[in-house]
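# Examining the three-dimensional arrangement
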Amino acid sequence: MSTMVIMDRHPVHRYIHESIKELDFKRFSKILNGQLVSIEGDISSILEVIKAVDKQDIVLLKKAINDGGKVTHWSQMWSAGRGDKDILFYLLTIQKNNNVQKLLCMMLEHDNIDLFLFFIERQGVTTIIPRIYNMLAKKGRLDIIEILMKKKLYLGSHIGFDGDCNIYRCAVMKGYIHILDWWSRTEHFDRFDGGACSLIAARHGQVCVLDWLVKHNYAIDRNLLCYNAIVGNHKMILLWCMLHNIYPSRADLKAVDNDVMKHFLLRNGCRYDHFPPSYVRKPEFDQYKPKDGILSYLQMIF
């Protein structure tokens with residue numbers, strides 16, 4: 001006897017969103033045909049339209065619609081992801097979309113920058129949500145950020161810090177120094193948090209950002225830097241810390257969860273008795289003398 005598992009409404013809608021975001025038509029159609037979500041109208045009429053959009057075939061799309069195909073916000077999102085300007089605006093003439101921000105996010109998700117800018121101009125978009133600025137920062141697209149800010153397409157009098165919008169923090173995650181250089185020349189730079197950014201840089205392995213912070217005389221968070229490097233499994237960050245006389249504490253070492261990192265730390269001055277008792281001593285690590293790794297690193301870079 002087979003058992004049918006009925007999924008909760010929220011996970012199903014999340015799966016639909018993920019399949020659209022990834023432009024995975026096979027997965028999307030499987031979810032809808034599985035009848036795990038309540039949908040108004042015939043499922044096949046929705047899928048035929050999206051199939052045509054996915055193929056970027058406007059002739060096939062018009063035929064599907066003439067044959068009773070249903071235009072939904074899903075098909076519009078799909079079109080934004082595919083980056084086909086003609087198809088997107090054709091769909092918008094059939095059904096208005098009240099959430100242009102989602103369409104813009106979908107365009108950015110798939111690097112459809114030309115369509116993104118054209119859509120803003122054509123539709124007369126007057127506000128851009130913080131998430132879009134964050135996405136642009138993570139992609140390193142300072143040129144587009146500057147265009148949007150020049151048009152004053154943002155919420156409030158400031159942009160890029162606090163709450164949902166953190167241009168510089170997103171840039172730190174990706175190591176985009178050109179955005180940090182630009183940020184340091186803006187009127188918002190007084191809101192810059194060097195300590196928080198140093199921890200983000202350590203967690204994401206961005207040595208270049210730590211160098212930038214030191215160069216610009218920003219205080220870094222010495223207490224949690226090693227911990228974030230260990231959690232992120234970034235050995236180069238730990239080497240950077242040690243070269244700047246910052247060493248992991250016993251509390252930091254509790255975060256070590258693999259032998260590779262433990263091996264690395266033992267090569268660079270940490271002792272066995274600094275690790276939690278649960279770690280088993282391995283004789284093959286005993287051959288490494290303290291600071292061997294640092295010396296090797298110094299010989300490599302100088």
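Note that this is a predicted model, so its numbers are computed, not measured.

The next thing to look at is a nonpolar patch on the surface. A surface patch of nonpolar side chains, about 230 Å² in accessible area, is lined by Leu224, Tyr227 and Val231. Within the fold, valine 231 resides in helix α15 (residues 225-232). Note on valine 231: relative accessible area 37%, which makes it partly exposed.

Direction vectors running N to C along helix α5 (residues 73-82) and helix α6 (residues 85-94) enclose 160°, while the axes themselves pass 8 Å from each other. Taken together, α5 and α6 sit at an angle that is classed as roughly antiparallel. With respect to the hand of their crossing, α5 and α6 are arranged in left-handed fashion. Residues Ser75, Gln76, Ser79 and Ala80 of α5 form the contact with α6, whose participating residues are Ile87, Leu88, Leu91 and Leu92.

Before going further, it helps to examine the packing of helix α9 (residues 130-138) against helix α10 (residues 142-150). Between α9 and α10, whose axes approach to 8 Å, the crossing angle comes to 150°. Looking at the two axes, α9 sits roughly antiparallel to α10. Counted together, Tyr133, Leu136 and Ala137 of α9 and Ile144, Ile145, Leu148 and Met149 of α10 form the full contact between these two elements. Taken together, the residues of the contact of α9 with α10 break down into 7 nonpolar, no polar and no charged.

Right, let's get into the side chain of aspartate 252. Tracing the chain through its elements places aspartate 252 in helix α17 (residues 250-253). The side chain of aspartate 252 sits in the buried core without any salt bridge; lysine 254 is the nearest counter-charge, 10.0 Å away. There is a polar contact of 3.0 Å between the side chain of aspartate 252 and the backbone nitrogen of serine 249. If we skip the residues at most four places from it in the chain, aspartate 252 touches Asn223, Cys226, Tyr227, Ile230 and Tyr247.

As a further point, take the packing of aromatic side chains. Summed over all chains, the structure comprises 7 aromatic pairs. When the centroid spacing of 5.8 Å and the interplanar angle of 35° are considered together, the rings of phenylalanine 89 and phenylalanine 119 count as tilted. With phenylalanine 89 in helix α6 and phenylalanine 119 in helix α8 (residues 113-123), the pair connects residues that are 30 residues apart, well separated along the chain. You'll find phenylalanine 89 and phenylalanine 119 in the same group, each marked buried. When the centroid spacing of 5.6 Å and the interplanar angle of 45° are considered together, the rings of tyrosine 168 and tryptophan 183 count as tilted. Separated by 15 residues along the polypeptide, tyrosine 168 in helix α11 (residues 167-174) and tryptophan 183 in helix α12 (residues 177-183) bring together distant segments of the chain.

Right, let's talk about the confidence of the model for the protein chain for a bit. When pLDDT is averaged along the protein chain, the result is 82, and 78% of the positions lie at 70 or above. Note on residues 1-9: pLDDT is under 50 here. Beyond four places in sequence and across chains, it has 4 contacts. In the model, residues 288-302 has pLDDT below 50 throughout and makes 21 contacts with residues more than four positions away in sequence or in other chains.

What counts, and at which threshold
Residues numbered from 1 in each chain as written. Predicted model: local features only at pLDDT ≥ 70, side-chain atom pairs only at ≥ 80, totals over all residues. Heavy atoms only, no water. Patch = residues over 30% accessible without salt bridge, like charges linked within 9 Å, V, L, I, M, F, W, Y side chains within 5 Å. Areas by Shrake-Rupley, 256 points an atom, 1.4 Å probe, with all protein chains shown as cover. Salt bridge = Lys/Arg side-chain N within 4 Å of Asp/Glu carboxyl O. Helix = DSSP H or I, 4+ residues; strand = E, 2+ residues; numbered from the N terminus. Buried < 20%, exposed > 50% of the residue type's maximum accessible area, 1.4 Å probe, protein only. Axes fitted to C-alpha atoms, helices over the stretch in contact; angles between N-to-C directions. Parallel < 35°, antiparallel > 145°, perpendicular 65-115°, else oblique. Left-handed = near helix turned anticlockwise from the far one by under 90°. Contact = heavy atoms within 4.5 Å. Nonpolar A, V, L, I, M, F, W, Y, C, P; charged D, E, K, R; others polar. Lys, Arg positive; Asp, Glu negative; His and termini not counted. Polar contact = N/O pair within 3.5 Å; in protein donor to acceptor, adjacent residues only side chain to side chain. Phe/Tyr/Trp six-rings, centres within 6.5 Å; stacked < 30°, edge-to-face > 60°. pLDDT = per-residue confidence, 0-100.

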